[in-house]
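Here is what each chain is made of, one letter per residue.
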Amino acid sequence: MFLRNRLVLAGCLLVLSFPVFAAPAQTYGFGTPAPAAKATRTVEIVMGDMSFNPKALQIKAGETVRFVLINKGQLLHEFNLGDVAMHAQHQAEMLKMQQSGMLTPTAMKTAPMDHAAMGHGSMAGMDHGAMKHDDPNSVLVEPGKTAELTWTFSKAGSLEFACNIPSHYQAGMVGKLTVSQ
Ligand SMILES: [Cu+2]
């Protein structure tokens, strides 16, 4: 309750703070997003239609890596950092986006702002929030485009970088990301 009150106060002061309500900060056990300027290493990954090159990466715990994602394919692709379970969960979310018409083979459409689901004045916003592709551990790259994602890996572990667009992971768009001590 105390936190909620503080957020409401912040909302009054900042006016533009609506996203605070819509998207509570998400935390990840394996690290945190970081600004590109903090990167200690840059890794280029070429995305093709159903491939990543390179297919495996070795990273040391504590490194901040700037990933540069170059989509040379004809389709929209995703670069998502996580473990196997996280990718499975995100694949289910992306399937819903595809079924709703938000996700096309070449683009992710943003939900129209005047959609009834926005629920003006409502702080619930759960349905709308769930149908928005804005996770900090993920970036979508349209065909022919380049995008970036910078991440600080906090501890050793076995992760994967993956494209969770329906059927892409299963078709081979997944790579091993080993974080060593
Ligand atoms: Cu893909």
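Read on for a plain summary of the structure.

### Regarding the sheet that holds strand β4 (residues 56-60)
Stage number 1. Taken together, the five strands give an open sheet; going across it, the order is β4-β10-β9-β6-β7, and neighbouring strands pair in mixed fashion. Strands at the two margins of the open sheet, each flanked by one partner only, are β4 and β7 (138-141). Each adjacent strand pair in this sheet contributes to an overall mean axis angle of 20°, direction not counted.
Stage number 2. Strands in contact with helix α3 (residues 84-99) are β6 (77-82), β7 and β9 (157-162); relative to β6, the strand with the most contacts, it is inclined by about 145°.

### Some thoughts on the coordination of the copper ion
Stage number 1. The copper ion binds to the protein through His77 (ND1), Cys163 (SG), His168 (ND1) and Met173 (SD); the donor distances cover 2.0 to 2.6 Å.
Stage number 2. Geometry at the copper ion is irregular, judged from its four donor atoms and the angles of 81 to 140° they form at the metal.
Stage number 3. Donor residues for the copper ion sit on one chain with the sequence pattern H-x85-C-x4-H-x4-M. Taken together, the positions of His77 in strand β6 and Cys163 in the loop between β9 and β10 (174-180) put the pair 86 residues apart, joining distant regions of the chain.

### Let's talk about the nonpolar core
Stage number 1. Ile45, Phe67, Leu69, Phe79, Leu81, Phe153 and Leu177 are the most contacted members of the largest nonpolar core, which has 32 residues in total.
Stage number 2. Among the elements that line this core, the one with the most residues is strand β8 (residues 146-153), at four residues.
Stage number 3. For Phe67, the contacting residues outside a window of four places in its chain are Val43, Ile45, Leu57, Ile59, Phe79, Leu81, Ala147, Glu148, Leu149, Trp151, Phe153 and Leu177.

### Observations concerning unusual backbone geometry
Generally, phi is negative for residues other than glycine and the peptide bonds are trans, each holding for most cases.
Stage number 1. Note the cis peptide between Asn53 and Pro54, where omega equals 0°.
Stage number 2. Here Pro54 is to be found in the loop between β3 (51-53) and β4.
Stage number 3. Positive phi is not limited to glycine here, since Met50 has a value of about 85°.
Stage number 4. Its identity is not glycine, yet Ser167 carries a phi of approximately 80°, on the positive side.
Stage number 5. Here Ser167 shows up in the loop between β9 and β10.

### A short note on the side chain of His90
Stage number 1. Within the secondary structure, His90 sits in helix α3.
Stage number 2. Those residues within four positions of His90 in sequence are excluded, and the remaining contacts are Glu78, Asn80, His133, Asp135, Ser138 and Asn164.

### Topic: the packing of aromatic side chains
Stage number 1. If you walk through the whole model with that rule in mind, you get eight aromatic pairs.
Stage number 2. Ring centres of Phe52 and Phe79 lie 6.4 Å apart, and the angle between their planes is 85°; on these two criteria the pair is classed as edge-to-face. Residue Phe52 is located in strand β3, and its partner Phe79 is located in strand β6; the two are separated by 27 residues in the primary sequence. The pair Phe52 / Phe79 is uniform in exposure class, with both members buried.
Stage number 3. Between Phe67 and Phe79 the ring centres are 4.9 Å apart and the planes differ by 45°, which places this aromatic pair in the tilted class. Note that Phe67 is positioned in strand β5 (residues 64-71) and Phe79 in strand β6, a separation of 12 residues in sequence. Side by side, Phe67 and Phe79 carry an identical accessibility label, which is buried.
Stage number 4. The structure contains a cluster of three or more aromatic residues connected by ring pairs, namely Phe52, Phe67, Phe79, Phe153 and Phe161.

### Things to note about α3
Stage number 1. Spanning 16 residues, α3 covers 23 Å between terminal C-alpha atoms, matching the ideal 22 Å at 1.5 Å per step.
Stage number 2. Those residues of α3 not exposed but buried are His87, His90, Gln91, Met94 and Met97. All buried residues of α3 lie within an arc of 120° about the axis, which places them on one face of the element. The exposed set on the far side of α3, more than 90 degrees from its buried face, consists of Ala85, Gln89, Lys96 and Gln99.
Stage number 3. Two or three places before Ala85, at the opening of α3, Asp83 has a side-chain oxygen 3.2 Å from that residue's backbone nitrogen.
Stage number 4. Gly101 lies just past α3 and shows a positive phi near 90°.

Definitions and cut-offs
- Residues numbered from 1 in each chain as written.
- Predicted model: local features only at pLDDT ≥ 70, side-chain atom pairs only at ≥ 80, totals over all residues.
- Heavy atoms only, no water.
- Pairing = 2+ DSSP bridges.
- Helix = DSSP H or I, 4+ residues; strand = E, 2+ residues; numbered from the N terminus.
- Axes fitted to C-alpha atoms, helices over the stretch in contact; angles between N-to-C directions.
- Contact = heavy atoms within 4.5 Å.
- Donors = N, O, S within 2.8 Å, 3.2 Å for Na, K, Ca; no water.
- Tetrahedral: all angles 85-135°; square planar, octahedral: opposite > 155°, others 65-115°.
- Core = buried A, V, L, I, M, F, W, Y, C linked by side-chain atoms within 4.5 Å.
- Buried < 20%, exposed > 50% of the residue type's maximum accessible area, 1.4 Å probe, protein only.
- Phe/Tyr/Trp six-rings, centres within 6.5 Å; stacked < 30°, edge-to-face > 60°.
- Expected span 1.5 Å × (residues − 1).
- Arc of directions from axis to C-beta.
- Polar contact = N/O pair within 3.5 Å; in protein donor to acceptor, adjacent residues only side chain to side chain.

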